[in-house]
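# What the coordinates show
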Amino acid sequence: MTTSTREIHLVSRPTGWPEPSDFRTVEAELDDPAPGQVLVRNTWMSVDPYMRGRMSDRKSYVPPFALDAPLEGGAVGEVVASADDSVPVGATVLHGLGWREHALVPASAVRVVDAERVPASSYLGVLGMPGLTAYVGLTRIAQLREGDRVLVSGAAGAVGSAVGQIARLLGASKVVGSAGSTEKVAWLTEELGFDAAVNYKDGPIGRLLAPHGPFDVYFDNVGGDHLEAAISHLADFGRIAACGAIAQYNDTEAAPGPRNMSMFVTKRLTMRGFIVSEAVGEHPDAAKEFHERAGQWVADGRLVARETVVDGLDHAVDAFLDLMRGGNTGKMLVRL
Ligand code: NDP
């Protein structure tokens, strides 16, 4: 028997901003699982900024997406057929074959998750890769200490909203965020406990941050002028965790670097980039520690997560493009 399904293919590599015509919905037939495989009906899929990098054909830490083949990414779903005793039919699993309604996955490449205790979608957000990125970036890369004053950009997104809250839970004395709308700023200060937040569209980011600095840690999700402004507002021995540079992902020409690099010397600053999967490999204790702590924080309401949900595979590309434009508050997800 086969299962009829639909999947999204990349059909051309975007230059600059991706266009809907760079993608195509394709009907496919999947075989029954071979020994060692499971068939998953995906119920949630993630769209993430890093996917933009994989749409281009350039050398990076992950290979580019293939053309005329389904895109990939985090997904959660229900096992509907299994040819492996370790993963039963009915289990809810997390895996890496999103952008499609069904996936044939090796049982060794899925993680069975508990969808009774928390909603299944959280494993793509606050309890998944974005939450882990926030935790590892703060604790292992920025080496957060009690009393630190923390600045995070992209603060109302999946990673950023977790960064601000986790920093506070780990003893930061001050947490300040930047985001792209009045509503997002209000969410950060009124619901997530940020001490202050700025809307970077209100003026030059350096000037907006001036009343709130100096900072000991800058968690950079944005790059560009945010990074330059943060360097100016870091205290002596400040540390930057370079997590992302979304302001530049659709650039067609190299962006100018920060003009204030000499402050690395005068303020004795440190900046370290990281990729979450690799950082977790380097710090094998971090993932276990994160899952225990974050699970508890979410359960008792100290770590709050919001999701922006788009329905249906037909709107997955729109969800991805909207994420890049700031249409999400918290984690952007597609419900299938
Ligand atoms: P988000 O949920 O934060 O969504 C992206 C957000 O970026 C948008 O909502 C938008 O919010 C903001 N944004 C878009 N363009 C700009 C711009 N020009 N200037 C400032 N902000 C902008 O995504 P994630 O939480 O998934 O990812 C956040 C960052 O972390 C990304 O850079 C991503 O690549 C990186 N990342 C890195 C990982 C690693 O291992 N190093 C792992 C996971 C994520 P707004 O309305 O505020 O503009």
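Residues numbered from 1 in each chain as written. Predicted model: local features only at pLDDT ≥ 70, side-chain atom pairs only at ≥ 80, totals over all residues. Heavy atoms only, no water.

### Some details on helix α4 (residues 182-190)
Since the α-helix advances by 3.6 residues per turn, residues separated by three or four positions end up pointing in the same direction. Taken together, the buried positions of α4 are Lys184, Val185, Trp187 and Leu188. All buried residues of α4 lie within an arc of 160 degrees about the axis, which places them on one face of the element. Along α4, exposed side chains directed more than 90 degrees from the buried face belong to Thr182, Glu183 and Glu190. Where α4 is buried, its residues touch α3 (158-169), β9 (174-179) and β10 (196-199). (Buried < 20%, exposed > 50% of the residue type's maximum accessible area, 1.4 Å probe, protein only. Helix = DSSP H or I, 4+ residues; strand = E, 2+ residues; numbered from the N terminus. Arc of directions from axis to C-beta. Contact = heavy atoms within 4.5 Å.)

### Focus on the site of the ligand
In the vicinity of the ligand there are 26 residues, among which Lys184, Tyr200, Tyr249, Val276 and Asn328 approach most closely. In this structure, an oxygen atom belonging to the ligand sits 2.6 Å away from a side-chain N or O atom of Lys184. Tyr200 places a polar side-chain atom, nitrogen or oxygen, 2.5 Å from an oxygen atom of the ligand. The protein chains hide 91% of the 900 Å² of surface that the ligand would expose on its own. (Near = heavy atom within 4 Å. Polar contact = N/O pair within 3.5 Å; in protein donor to acceptor, adjacent residues only side chain to side chain. Areas by Shrake-Rupley, 256 points an atom, 1.4 Å probe, with all protein chains shown as cover.)

### Here we look at the domain arrangement of the chain
Each assigned domain of the chain is listed with its residue range as follows: domain 1 (2-125 + 306-335) and domain 2 (129-278). Each of domain 1 and domain 2 has a C-alpha centre, and the two are 28 Å apart. Tallying the contact residues gives 19 residues for domain 1 and 14 residues for domain 2. Here domain 1 and domain 2 share an interface that buries about 1,300 Å² over both sides, 60% of which is from carbon and sulfur atoms. Scanning the region where domain 1 abuts domain 2 turns up one salt bridge. Between Arg306 and Glu191 there is a salt bridge, with its nearest N and O atoms 3.7 Å apart. In terms of residue class, the side of domain 1 that touches domain 2 is made up of eight nonpolar, seven polar and four charged. (Domains from an automatic or database assignment. Buried area = accessible area lost by both parts, 1.4 Å probe. Salt bridge = Lys/Arg side-chain N within 4 Å of Asp/Glu carboxyl O. Nonpolar A, V, L, I, M, F, W, Y, C, P; charged D, E, K, R; others polar.)

### A look at the pattern of salt bridges
For the structure shown, the criterion picks out 18 salt bridges. Ionic pairing is found between Arg6 and Glu101, a salt bridge with its closest N-O pair at 3.0 Å. Of this pair, Arg6 sits in strand β1 (residues 2-10) while Glu101 sits in the loop between β5 (92-95) and β6 (102-106); the two residues are 95 residues apart in sequence, bridging distant segments of the chain. The exposure class of Glu101 is partly exposed, given its relative accessible area of 22%. Connected via shared salt-bridge partners are Arg6, Glu101 and Asp314.

### What to know about the sheet that holds strand β11 (residues 215-220)
Pairing in this open sheet of six strands is parallel, and the strands run β10-β9-β8-β11-β12-β13 from one edge to the other. Of all strands in the sheet, those with a lone pairing partner are β10 and β13 (270-273), marking the two edges. Geometrically, the sheet is characterised by an average inter-axis angle of 15 degrees between neighbouring strands, direction not taken into account. Sheet topology places strand β8 (residues 149-152) next to β9; four bridges connect them, and they run parallel. Note on β9: the bridge partner recorded for Leu151 is Val176. Most of the contacts of helix α2 (residues 129-141) go to β11, to which it runs at about 140 degrees, and overall it touches β11, β12 (234-242) and β13. (Pairing = 2+ DSSP bridges. Axes fitted to C-alpha atoms, helices over the stretch in contact; angles between N-to-C directions.)

### Regarding helix α10 (residues 316-325)
Extensive coverage of α10 is indicated by the burial of seven of its 10 residues. Those residues of α10 not exposed but buried are Ala316, Val317, Ala319, Phe320, Leu321, Leu323 and Met324. Taken together, the buried residues of α10 touch β1, β2 (23-31), β3 (37-46), α1 (50-55), β14 (307-311) and β15 (331-335). Of the residues flanking the end of α10, it is Gly326, one or two places downstream, whose phi is positive at about 90 degrees.

### Some points on the environment of Ala287
Its place among the elements puts Ala287 in helix α9 (residues 284-299). Residues Ala287 and Thr308 lie 21 residues apart in sequence; the distance between their C-alpha atoms is 25 Å. Contact partners of Ala287, with chain neighbours within four places excluded, come to Leu132 and Val280.

### Structural notes on the nonpolar core
Grouped together as the largest cluster of nonpolar side chains are 51 residues, with contacts concentrated most on Ile166, Leu188 and Phe219. Among the secondary structure elements, those contributing two or more residues to this core are α2, β8, α3, β9, α4, β11, α8 (276-282) and α9. Sort the elements by how many residues they give to this core and α2 lands first, with six residues. Leave out the neighbours within four places in its chain, and Ile166 touches Gly131, Ala134, Tyr135, Leu138, Trp297 and Leu303. In terms of nonpolar packing, the next biggest core, distinct from the first, is built from 22 residues, Met45, Ala75, Val317 and Met332 among them. (Core = buried A, V, L, I, M, F, W, Y, C linked by side-chain atoms within 4.5 Å.)

### A look at the packing of aromatic side chains
Evaluated as defined, the whole model comprises three aromatic pairs. For the pair Trp99 and Phe320, a centre-to-centre distance of 6.4 Å together with 65 degrees between the ring planes defines the contact as edge-to-face. With Trp99 in the loop between β5 and β6 and Phe320 in helix α10, this residue pair connects regions lying 221 residues apart in the sequence. Looking at Trp99, the relative accessible area reads 1%, which means it is buried. (Phe/Tyr/Trp six-rings, centres within 6.5 Å; stacked < 30°, edge-to-face > 60°.)

### What about the pairing of β15?
Summarising burial for β15: four of the five residues are buried, a large majority. In the sheet, β3 pairs with β15 via three bridges, with the strands oriented antiparallel. Bridge assignment links Trp44 to a residue of β15, and that residue is Arg335. Strand direction decides the pairing type here: β14 and β15, joined by five bridges, are parallel. Bridging from a neighbouring strand, Thr308 pairs with Met332 of β15. A crossover links β14 with its parallel partner β15, the connecting element being α10, and its sense is right-handed. (Right-handed = clockwise from strand over helix to strand, strands pointing away.)

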